[in-house]
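Spelled out, the chains give:
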Amino acid sequence: MTVTTNSKRRLNMKSILGRFGASLVSAALLLVASAALAQSGFSGSGVSGNGVTARGVTAGGVTFNGVTVNGVTVNGVNGSRFLAKIPNRADNGRNKISDDLAAVLNGRGNGKEKWVKPSSRGKQLSVLILANGRSDADLKDLRRAIVAAGGTVNRKFRSVSGVSVTLPAASVNALAQRSDVWRIAPNRTVTHMISTMEALTGADGVRGLGGGSSLLDGTGVGIAFLDSGIMSAHGAFLANDGTSRIKRSVDFTSPQATLDTPVDSSGSTYQDPYGHGTLVASVAAGRSVPASMDTTGVAPGASIIDVRVLNDGGLGDLATTIAGIDWVVANAAANNIRILNISLGTSSTDSYLTDPLCAAVRNAVAAGITVIVASGNYGTGPDGLQYYGTISAPGNEPSVITVGSANTHDTALRVNDTVNLFSGRGPTRGTYVDALGATQHDNVLKPDLVAPGNRVIGGISTNLAGSAQSLLATAFPQLVIQSSTTGKGLMQASGTSFATPVVTGTVALMLQANPGLTPPLVKAILQYTAEPLLSSNLLQQGAGLVDVPGALAITTALSTNLSAQIAAGSIAVGSSMLASGSTMPPPYSVIDGHIANWSRFVYMGGRYVMTGDDLFTEYQAAYDPRLTWVGPQVANIDPNAPLPSGPLMSPGVISLTEALGQSSLAAGTGVFTLSGNIGSLTGQGIVLSEGIVLSEGIVLSEGIVLSEGIVLSEGIVLSEGIVLSEGIVLSEGVVLSEYGPMPGE
């Protein structure tokens, strides 16, 4: 890669809408549906239904296209290979247990079976028992046998001869031996197809963890969106009773608004003329609308608070943006706002210590609000080179969760995912002048993790009458995949703006499951359970790709009163954080059949990389949201409050910072270490037997060897716009990059 100097470029203003307004992502999302094969076997020539009428049945096999098979893989037409599907074997009085039920009974389940419920008496299964029913139409004998086996009969069917029951797993085989039992099958979930986003993140696999009859869908958790407004009448935001889940709509951009008092925009005829906020909110918390695909968001039950700070063209300023943050903090308790989504940014070169936007979000975090921010879309410069140091503000604030964008390459297979080239890279490059007059860079490790942000589908905003679509949809009709005047419009978009709400929705699920999590603890869980993508380093992807089931596994293992203990100062470093009877879960998840290994590391103190189960089995001072810790600097958000005494981290936590070594791109060390390789360094880590030593951390001084071809941005280079003066705030927008598989892939 040619070494270049990063200079500020003043380009033509006419292309600014193309950079920040939208991207041209063309083709529609490809959805691949799996065909469902009837358990009765072949439904074609020579084979039919339960009675097994097959031409050419010989020697226990089935003759198919001239080949006799017995359930083994054979050569088929034109040399292709197939596994012959044998008709329903239950008809002959044997093998009465369905394959998926048998797999669970034999310990080979995938762990996603919603009909399996653990209990103190062992596994309880929700199953259907179909009967011969020839001599006992009421199934009295069968029902008595089920009760005697420890089961409960929930319903006797009319359309088929059988019952639905809850049954101990240990009783299934014995009941299957009865002559009046024809088939036992799981009470499989019958629902709409899961959305692409649910499949990509694993959100579909955690819905049943809500407890009782409730779903884990973000219900009861308030999410504030600081953006361009949200169309409350869009079908994506409806509740079960048909009302909107948008609880408040306030507008700081109205001429009648002041920085202290926004306008109530709940009755506005056009709440989101630009269209960015509606897209963002639907990715995090949207429900599917009638369409050719399911577009359910990650937390479709969450409450939504619309805080508009960007005008009709997607632009705002620092004052309005900070006023919006202040409003969120002031109204958090009344609206149960636990999360603030910020898919916008500015090109500040200030240190996080002095940047006003960073200070505002830092105060929100200290107030207990988890703030989730886009990393920015400036990872690639106008010269096509990869730019490090391109995290926009407030993503450069250490206390927030900064999200980069992953490219799924139009598949739900996570092993194919990569980090988008446009996704903002770390480290943060804000500067300050030290006591000796020298310029210092923040060099905070960012982003924290990545999430799907390529060709994401979200809602189109229109006016109330449906006669005018948003600026994004109008300017870029090729992004529109479903036009509608009735609140059902959908479009595609790419950018870190749309990766951010994926993590926002994940956090809503976490806080529904465990309201006692603090913002820094949420961040640590997300990083520790993220799945590292191949060939991407700490500055490109942070810990890796968000893993919803993994995050929930640790979340539900922790005590639910941690935040209260931390606020009261009644928990000490090293105290147990686990819920009674809980242990740390195994360090992997199963997502759509894929084993996702966790990163098992977190960023602490801005520049340190830590690992070890003690991060979650024991309390660490860094989980107090009022504490700011970067490198050797530790401070309380309240300057008059005392700092914690003793070590910041408990003995037993392992530091990997030293093992990562000097930052070198050529050697792939330091900040350029591939995230997937961090786990192999665990044995070389240092156990913090005496707490942590506040050294400079992984990014030492400049920390990056410029002679190796690294292009560092001293601020944000706007490749298709102008260099914005300090204080302009834009939506992170959508980009023209990587809307599908890249050339050569």
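Structure: above.
Below or above, wherever it landed, is the structure these notes cover. (Residues numbered from 1 in each chain as written. Predicted model: local features only at pLDDT ≥ 70, side-chain atom pairs only at ≥ 80, totals over all residues. Heavy atoms only, no water.)

Observations regarding the overall build of the chain
Scanning the chain from terminus to terminus reveals 17 helices and 37 strands. Expressed as a percentage of the 745 residues in the chain, the buried residues total 55%. Nonlocal contacts in the chain, meaning residues at least 24 apart in sequence, comprise 75% of its contacts between residues at least 6 apart. In the structure as shown, the chain presents an accessible area of about 29700 Å², 54% of it carried by carbon and sulfur atoms. (Helix = DSSP H or I, 4+ residues; strand = E, 2+ residues; numbered from the N terminus. Buried < 20%, exposed > 50% of the residue type's maximum accessible area, 1.4 Å probe, protein only. Contact = heavy atoms within 4.5 Å. Areas by Shrake-Rupley, 256 points an atom, 1.4 Å probe, with all protein chains shown as cover.)

Topic: unusual backbone geometry
Omega for the bond connecting Gly426 with Pro427 falls within 30 degrees of zero, at -5 degrees, which places this linkage in the cis form. In this fold, Pro427 is placed in the loop between strand 21 (418–419) and strand 22 (431–433). The linkage connecting Lys446 with the following residue, Pro447, adopts the cis geometry, with an omega of -5 degrees. Among the structural elements, Pro447 can be located in the loop between strand 23 (439–441) and strand 24 (449–452). Phi at Asn336 is positive, roughly 50 degrees, even though this residue is not glycine. Inspection of the secondary structure puts Asn336 in the loop between helix 8 (332–335) and strand 16 (337–342). Here the phi dihedral of Arg455 falls at roughly 55 degrees; this positive angle occurs in a residue that is not glycine. Of note, Arg455 is situated in the loop between strand 24 and strand 25 (456–459). According to the relative accessible area criterion, Arg455 is buried, its value standing at 4%.

Details of helix 7 (residues 318–330)
One full turn of an α-helix is made of 3.6 residues, so residues set three or four places apart face in the same direction. An ideal rise of 1.5 Å per residue puts 18 Å on 13 residues; helix 7 measures up with 18 Å between its terminal C-alpha atoms. For helix 7, the N-terminal capping position is held by Asp317, with its side-chain oxygen 3.3 Å away from the main-chain nitrogen of Ala319. (Expected span 1.5 Å × (residues − 1). Polar contact = N/O pair within 3.5 Å; in protein donor to acceptor, adjacent residues only side chain to side chain.)

Overview of the environment of Pro262
Among the secondary structure elements, Pro262 is positioned in the loop between strand 12 (246–251) and strand 13 (263–264). For Pro262, a relative accessible area of 16% gives the class buried. Residues Pro262 and Ala323 lie 61 residues apart in sequence; the distance between their C-alpha atoms is 8.9 Å. Not counting residues up to four positions away in its chain, the partners in contact with Pro262 are Val250, Asp251, Phe252, Ala257 and Trp327.

Here we look at the sheet that holds strand 31 (residues 608–611)
Taken together, 4 strands build an open sheet; the order of strands is 30-31-34-35 and the sheet is antiparallel. For this open sheet the edge positions go to strand 30 (602–604) and strand 35 (686–687), each flanked by a neighbour on one side alone. Strand direction decides the pairing type here: strand 31 and strand 34 (residues 654–655), joined by 2 bridges, are antiparallel. Paired with Met610 across the bridge in strand 34 is Ser655. (Pairing = 2+ DSSP bridges.)

Remarks on the pattern of salt bridges
Pairing of side chains with opposite charge becomes possible as their charged atoms draw close. Inspection of the entire model under this criterion finds 7 salt bridges. With a closest N to O distance of 2.4 Å, Glu397 and Arg362 form a salt bridge. Taken as a pair, Glu397 in the loop between strand 19 (387–388) and strand 20 (401–407) and Arg362 in helix 9 (residues 356–366) lie far apart in primary sequence, 35 residues in all. Under the relative-accessibility criterion, Glu397 is labelled buried at 1%. Judged by relative accessible area, which is 11%, Arg362 ranks as buried. With its nearest N and O atoms 3.0 Å apart, the salt bridge here joins Asp448 to Lys446. As far as the burial class goes, Asp448 and Lys446 line up, both buried. The structure contains a network of salt bridges with shared partners spanning Asp251, Arg308 and Asp312. (Salt bridge = Lys/Arg side-chain N within 4 Å of Asp/Glu carboxyl O.)

With respect to the packing of aromatic side chains
Under the criterion given, the structure shown has 6 aromatic pairs. With a centroid separation of 6.4 Å and 65 degrees between ring planes, the pair formed by Tyr528 and Trp598 is classed as edge-to-face. You can see Tyr528 sitting in helix 12 (residues 519–529) and its partner Trp598 sitting in the loop between strand 29 (594–597) and strand 30, a full 70 residues away along the chain. The pair Tyr528 / Trp598 is uniform in exposure class, with both members buried. (Phe/Tyr/Trp six-rings, centres within 6.5 Å; stacked < 30°, edge-to-face > 60°.)

Description of the packing of helix 11 (residues 496–513) against helix 12
Between helix 11 and helix 12, the least distance of the axes is 11 Å, while the angle of their chain directions is 115 degrees. It follows from the interaxial angle that helix 11 and helix 12 lie roughly perpendicular. Relative to helix 12, helix 11 is oriented so that their crossing is right-handed. Residue-level contacts link Val503, Thr506, Val507, Met510 and Leu511 of helix 11 to Val522, Ile525 and Leu526 of helix 12. For the contact of helix 11 with helix 12, the residue count by class is 7 nonpolar, 1 polar and no charged. (Axes fitted to C-alpha atoms, helices over the stretch in contact; angles between N-to-C directions. Parallel < 35°, antiparallel > 145°, perpendicular 65-115°, else oblique. Left-handed = near helix turned anticlockwise from the far one by under 90°. Nonpolar A, V, L, I, M, F, W, Y, C, P; charged D, E, K, R; others polar.)

In short, geometric facts, not functional conclusions.
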